[in-house]
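Given next are the chains, with one letter for each unit.
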Amino acid sequence: MKFSVFTASTPEWSPEEAARILAAQGWDGIEWRITDQQQAQTPGFWAGNRATWPLTGLEDALPEIARITRESGLEFSGLGGYARCDDHDGVDRMLAATAELGARQVRVTMPRSDTGDYPELFAGARRDLERAAARAQELGVKALVELHHETITPSASAARRLLEGLDPRHVGVIHDLGNLVIEGQERTLSALQLLGPYLAHVHVKNVAWVAGEPEEDGTVRWRSEWAPLRTGTGDVEAYFRALHEFGYDGWVTCEDFSTALPLEQRTADDLAYLRAVAERTSAEQRTGAEPRTGAERARAVAS
């Protein structure tokens, strides 16, 4: 496996800083966030993110993106695009940029499930993806659909149905541990097996469910919050165990939106944790060793 960082999660750094610091920490690659965003006085994940390249003027920025990435020694794990599948011009531009940079694959976003009749949204997205797949084939790249809460593809089942029959060399799926904690969770190994050749990429972040204050009638409503990899609801060790059992050996991109640790400390700790978990679970599979107990995992988290 190779490990990269999606720069949506590094809002305080300029592109040069992000590439330099992540390379120095030992990450293998970077996944640049590309979108036009709102400005903000304080850099944030979704607005004012300094490590984001604007979609406006992207073509002129490609040589600089290539230079910064190349000089840092990092590889492209892909591009983090935000062009929605029905934005044909935006999708074409992102696919062309992916080809020019040699980044191989790029995310194409899906419609939110609350923006219309689901069967109509699904059918429209299928037509759009058929078009994107044809364009990706021409360029020798791959368009990726992310498993994402509140979209028409929150689960592996939905994504497989959407992509069924399309060429997996040119369309694929991003499996995302954190998103699936919020919506769409299925047994991980079963989901990976269902995706089969369409599994193209993996994102790792974590989420915790938090109880709100009881209402007058005693009702308690829960909300999801981003959490550190070690302490969220998603079981990162079990996730990697399933990836190894399935035979996945591709990119794992971290997008940690928790803020308990300062950014540089957070990315360094994430890499150390992900590599340790990947090595431990890989060794378990090779040797047939029993997975660690809950108490053993708790002690490891505490340390």
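Preceding block: the structure.
Residues numbered from 1 in each chain as written. Predicted model: local features only at pLDDT ≥ 70, side-chain atom pairs only at ≥ 80, totals over all residues. Heavy atoms only, no water.

This part takes up the overall build of the protein. Helix and strand counts for the protein come out as 10 helices and 11 strands. In terms of C-alpha radius of gyration, the protein reaches 19 Å, essentially the compact-globule figure of 19 Å for 303 residues. C-alpha extents for the protein along the principal axes are approximately 50 × 50 × 45 Å. Counting the 303 residues in the protein, one finds 51% classified as buried. (Helix = DSSP H or I, 4+ residues; strand = E, 2+ residues; numbered from the N terminus. Rg over C-alpha atoms; globule rule 2.2 N^0.38 Å. Buried < 20%, exposed > 50% of the residue type's maximum accessible area, 1.4 Å probe, protein only.)

What follows is about the pairing of strand 2 (residues 29-34). Most of strand 2 is tucked away: six of the six residues are buried. Taking every second residue as pointing to the same face, both faces of strand 2 are buried, with Gly29, Glu31 and Arg33 on one and Ile30, Trp32 and Ile34 on the other. Bridge count between strand 1 (residues 2-6) and strand 2: three bridges; the pairing is parallel. Of the residues in strand 2, the one forming a bridge with Ser4 is Gly29. (Pairing = 2+ DSSP bridges.)

Oppositely charged side chains can pair when the atoms bearing their charge come close. Under the counting rule described, the total for this entry stands at 23 salt bridges. Residues Arg50 and Glu17 are paired through a salt bridge, measuring 3.5 Å at the closest nitrogen-oxygen approach. Of the two residues, Arg50 sits in the loop between strand 2 and strand 3 (52-53) while Glu17 sits in helix 1 (residues 15-25), which places them 33 residues apart along the sequence. A residue is classified by how much of its surface remains accessible, and Arg50, at 42% relative accessible area, is partly exposed. Among the salt bridges present, the one from Arg275 reaches Asp28, with a minimum N-O distance of 3.6 Å. With Arg275 in helix 9 (residues 263-287) and Asp28 in the loop between helix 1 and strand 2, this pair connects stretches of sequence that are 247 residues apart. Where salt bridges share partners, they join Glu237, Arg241, Arg280 and Glu284 into one cluster. (Salt bridge = Lys/Arg side-chain N within 4 Å of Asp/Glu carboxyl O.)

Right, let's get into the packing of helix 4 (residues 118-139) against helix 5 (residues 156-163). Close contact between helix 4 and helix 5 brings their axes to 9 Å; oriented N to C, the two are set at 55°. With respect to each other, helix 4 and helix 5 are oriented oblique. Contact residues: helix 4 offers Tyr118, Phe122, Ala125, Arg126 and Leu129, while helix 5 offers Ala158, Arg161, Leu162 and Leu163. (Axes fitted to C-alpha atoms, helices over the stretch in contact; angles between N-to-C directions. Parallel < 35°, antiparallel > 145°, perpendicular 65-115°, else oblique. Contact = heavy atoms within 4.5 Å.)

Formed by 77 residues in total, the largest nonpolar core has its most connected members in Trp32, Ile65, Met110, Phe240 and Leu274. For this core, the leading source of residues is helix 4, giving seven residues. Once you skip the residues sitting within four places of it in the chain, Met110 turns out to touch Arg84, Cys85, Ala125, Leu129, Val145, Thr151, Ile152, Thr153 and Leu162. (Core = buried A, V, L, I, M, F, W, Y, C linked by side-chain atoms within 4.5 Å.)

Axis separation between helix 5 and helix 7 (residues 188-195) bottoms out at 9 Å; the angle between their running directions is 5°. With respect to each other, helix 5 and helix 7 are oriented roughly parallel. Contacts between helix 5 and helix 7 involve Ala156, Ser157, Ala159 and Arg160 from the first element and Ala191, Leu194 and Leu195 from the second. Split into classes, the residues belonging to the contact of helix 5 with helix 7 amount to five nonpolar, one polar and one charged. (Nonpolar A, V, L, I, M, F, W, Y, C, P; charged D, E, K, R; others polar.)

What follows covers helix 5. Counting buried positions along helix 5 yields six of eight residues, so the element is predominantly enclosed. Listed as buried for helix 5 are Ala156, Ala158, Ala159, Arg160, Leu162 and Leu163.

On to the packing of aromatic side chains, then. A complete count under the given rule lists eight aromatic pairs for this structure. Consider the rings of Phe45 and Phe257, whose centres lie 5.0 Å apart with planes at 65°: the pair is edge-to-face. Remark: Phe257 occurs in the loop between strand 11 (251-254) and helix 9 and Phe45 occurs in the loop between strand 2 and strand 3; sequence separation between them is 212 residues. Accessibility assignment for this pair places Phe45 and Phe257 in one class, buried. Every member of this aromatic cluster is reached through a ring pair, and the members are Phe45, Trp46, Trp226 and Phe257. The ring of Tyr82 has Arg107 lying over it, and the distance from NZ or CZ to the ring centre is 4.5 Å. The positively charged end of Arg161 is found above the aromatic ring belonging to Phe122, 4.3 Å away from the centroid. (Phe/Tyr/Trp six-rings, centres within 6.5 Å; stacked < 30°, edge-to-face > 60°. Lys NZ or Arg CZ within 6 Å of the ring centre and 35° of its normal.)

Turning next to helix 1. Every buried residue of helix 1 is listed here: Pro15, Ala18, Ala19, Ile21 and Leu22. Positive backbone phi, approximately 105°, marks Gly26, located one or two places after helix 1.

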